[in-house]
Amino acid sequence: MKIKSYSNIFIIIILSLSVYFNTFQAPFHFDDETAIVGNEALKSLESINGYRFISRYVLFLTFHLNYLIGEFNVLGYHVVNLLLHISVSILIYLMADLTLRYSEPLRYSSLRNIPLLSALIFAVHPINTESVTYIVSRSSILATFFYLLSLYLFIRGYIANEDGYTIFKKGLFYLLSIASFVLAIGSKEDTITLPIILLLYLFFFLFRGKGVVDFLKAYRVYIAIPSVLLIAYLLYRFYLFGGDMAITMSREILKYITPWKYFLTELKVIVFYYLRLFLIPVNLNVDPDIPMSNLSIEPAVILAVILISLLLFLSYKLFYKSKLLSFSILWFLITLIPTSSIVPLLDFAAEHRLYLPAVGLSIGFADLLNRISRYRNVIITIVLLSLSVMTVKRNIIWNDSIGLWQDSAKKSPNKARVYYNLGIEYAQQKQFRNAIMEFKRSAKILPIHLPSHLMAGKIYKEEGMYKDVVSEMSIVLKLTPEKINEHVDAYLELSNAYIKLGDFKKAEESVKEGLKLDPKNVMLYNNMATILAERGLFDEAVNELKTALSFKPDYLKAYYNIGFIYENRGFINGAVSEFEKAINIEPNNPVSYLYLGELYKRNGFLDKAVHYLSMSIKYDTNKERAKNTEMLLKEIKM
């Protein structure tokens, strides 16, 4: 690699860092909570190995490594995402440079700016902020990295003979290319298009003959191997998922979003959303509201078909004038096929889906800018500076969880999920009144959205408004749940509310209905124990709590409540034993020490009370609770 190449790579690194410097403390968002923070499988390699390879094993392995290094410290996750993004940008530069050097040796001097410019456009383009800053969207970056690496290694293998390499090294490049493709598939499924792109690349840049027939004859082996890999992948998916291998949503939703309607909608998305956002990257939105198309004669659909046809025709016409630009158009359209064709996905559009297609767009845009004859350097500088500023500003929004969803609410005012997610963020920051308002807005737009009613009910519980909890849960139980857990949660919240309202008969009815749906729900058993204890049926209450522990031996709340019951009945040693069991399960849990310390204080064992209350303060990160414990300690020592 020449010195200039190293200097160009250095420029890519510096510019990438300069536009993403303000992302390292951006919090976990949206799907991050379920895919990373709430995903117990990430904590052990054994659990990770339980994932089928096709289910993004490589992606989850990287999250597992992040967890091993820093658990849920967002810094490490953002560093990995940015390093991958920089690596992708460097691969774009290396691939484009190698392509032009080999396929256009006579014109290379006039085209030599394109590789670096392509990489820089991609590196700083604001359309990629969702992929880089939204941690769970690492899937797009990781998949694109292995996708490009596979293609780059294939090119190196193809031209190896001309560079004086041995047959062994040529074969090694091909094997590494196949391995990279497998890793790409294990990162995200839409990399399935790589065999098609590889064959197109052969035809555009490496084939020296004329016509498709000659190409098919000359490259039978090169065509056969990608085809075999593609067929093997599809057979593997069929083995795992059977006839449902292409189904990405519940069959209930598929009644409304049919493959045909999805296809019509995606025609509009490709042109009026993805292509527009790349050319004019304004109004970026974490949750865009795309109306579904029902009719093929819709004006926007017809116009989209015309524009896509024009792009295909333009690619054909440019084949002999600018193969790079022609190939870039096809790259954009082909890499969108997995997400923008006939296989319905829950969301019609998402910015991170443009990450891989944006590689082709970046190269094509760089080719166009390179053709400018006057003030070219000035225009390129303005373009890169403008994109960089927009990326920095967009990342500022990603740094604020509430601000991100407020921004989306302005841009998607008729989408229920936007208000629901905004409500979740308010709830997490204990802005309960604002949270309820957003859940109400979500339910108004989509009355059948059970999570909105569930969350509103849970917030009412935090506010002590138990009659409103009953009202919201009653609505939930009248609606058909997508998951059985939604009705189980409703019965749980109902029983909690009725207990607080003193209506133990209805509380018991709610618990029993919930246990019919989920016989192993330990929180329902805990509520039943509370109801029985209120009636003075202490032995029966303990039995309910022990049943809960048989299903979940580390359920600390059950140990606490058994301890309280034993103390209430004068069985102090039994109560101490239960709290000590809780401490043995979680030695760093301050609540267990607090309860045991309070028990000792109530029963006159002050030295032991001081010891356990001090241990509670040592481990407690809840400042308000720790302060109250300190006051209790001072009271004992006075």
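Residue positions are counted from 1 within each chain, in the order its sequence is given. Per-residue local features of the predicted model are confined to residues with pLDDT of at least 70, and side-chain atom pairs are confined, for both listing and counting, to 80 or more; whole-chain, interface and lining totals are unaffected and use all residues. As a rule here, side-chain values cover all heavy atoms of the structure and leave hydrogens and water aside.

### Thoughts on the overall build of the chain
Rule in force here: Under the DSSP-based scheme used, a helix requires at least four consecutive residues in state H or I and a strand at least two consecutive residues in state E, with every element numbered from the N terminus. Only protein chains enter the accessibility calculation, which uses a 1.4 Å probe; a residue is then buried when its area is under 20% of its type maximum, exposed when over 50%, and partly exposed in between. A 1.4 Å probe and the Shrake-Rupley method give the accessible areas. Residues count as covered only by the protein chains that appear here. Residues scored as charged are limited to Lys and Arg (positive) and Asp and Glu (negative), so that His and the chain ends carry no count. Where a charge lies is defined by one atom per residue type: Lys uses NZ, Arg uses CZ, Asp uses CG and Glu uses CD.
Counting its regular elements, the chain contains 33 helices and 0 strands. With the C-alpha coordinates aligned to their principal axes, the bounding extent of the chain is approximately 95 × 55 × 50 Å. Burial status across the chain gives 52% buried among its 638 residues. For the chain, the exposed area adds up to about 30700 Å²; of that, 62% sits on carbon and sulfur atoms. Each charge class in the chain can be summarised by its mean position, and for the 67 positive and 55 negative side chains these summaries are 9 Å apart.

### Let's talk about the packing of helix α5 (residues 74-103) against helix α9 (residues 138-158)
Rules: Convention adopted: a line fitted to C-alpha atoms gives each axis, helices being fitted over their contacting stretch, and angles between N-to-C directions are expressed from 0 to 180 degrees. Angle categories: roughly parallel below 35 degrees, roughly antiparallel above 145, roughly perpendicular from 65 to 115, and oblique for all the rest. It is the rotation of the near helix from the far one that decides the hand of a crossing: anticlockwise by less than a right angle makes it left-handed, clockwise makes it right-handed. Gly falls in the polar group here, along with every residue not listed as nonpolar (Ala, Val, Leu, Ile, Met, Phe, Trp, Tyr, Cys, Pro) or charged (Asp, Glu, Lys, Arg).
Between α5 and α9, the shortest axis-to-axis distance is 9 Å and the interhelical angle comes to 30 degrees. Relative to α9, the element α5 is oriented roughly parallel. When the axes of α5 and α9 are compared, the crossing they make is left-handed. Considering only residue class, the contact of α5 with α9 consists of 19 nonpolar, 5 polar and 2 charged.

### Quick look at a nonpolar patch on the surface
Stated precisely, the cut-off is as follows: The patches reported here contain residues having more than 30% relative accessible area and no salt bridge. Joining distances are 9 Å for like charges and 5 Å for nonpolar side chains (Val, Leu, Ile, Met, Phe, Trp, Tyr). Basic side-chain nitrogens of Lys or Arg form a salt bridge, by our definition, when they fall within 4 Å of a carboxyl oxygen of Asp or Glu.
Taken together, the side chains of F272, L295, I297, I302, L303, I306, L307 and L310 present a nonpolar region at the surface, about 710 Å² in accessible area. The biggest single contributor to the nonpolar patch is helix α16 (residues 299-317), with 5 residues. Among the structural elements, I297 can be located in the loop between α15 (259-279) and α16.

### Focus: the pattern of salt bridges
Considering all chains together, one arrives at 24 salt bridges under this definition. Residue R371 pairs with D367 through a salt bridge whose shortest N-O separation is 3.0 Å. Here E635 and K601 are joined by a salt bridge, their closest N and O atoms 3.6 Å apart. A residue pair is termed long-range when its members are at least 10 positions apart, and E635 in helix α33 (residues 623-637) and K601 in helix α31 (residues 590-602) qualify at 34 residues. You can call K601 partly exposed: its relative accessible area is 25%. Through salt bridges with shared partners, a single network forms among D287, D347, K415 and R417.

### Comments concerning the nonpolar core
To keep things clear, this is the line we draw: What we call a nonpolar core is a set of buried Ala, Val, Leu, Ile, Met, Phe, Trp, Tyr and Cys residues that are connected through their side-chain atoms within 4.5 Å. By the convention used here, residues are in contact when the closest approach between their heavy atoms is within 4.5 Å.
Within the largest apolar cluster, 200 residues are counted, with the highest numbers of intra-cluster contacts made by L202, W331 and F332. Take this core: its biggest share by element is 15 residues, from α5. Residues contacting F332, with those up to four places away along its chain left out, are I270, Y274, L275, L354, P357 and L361.

### Concerning unusual backbone geometry
Positive phi, normally seen in glycine, also occurs at Y375, with a value near 55 degrees. By secondary structure assignment, the location of Y375 is in the loop between α18 (357-370) and α19 (376-398). Classification of Y375 by relative accessible area gives exposed; the value is 56%. Even without a glycine there, the phi angle at K430 is positive, about 60 degrees. Position of K430 among the secondary structure elements: in the loop between α21 (416-428) and α22 (432-445). The exposure class assigned to K430 is exposed, which follows from its relative accessible area of 62%.

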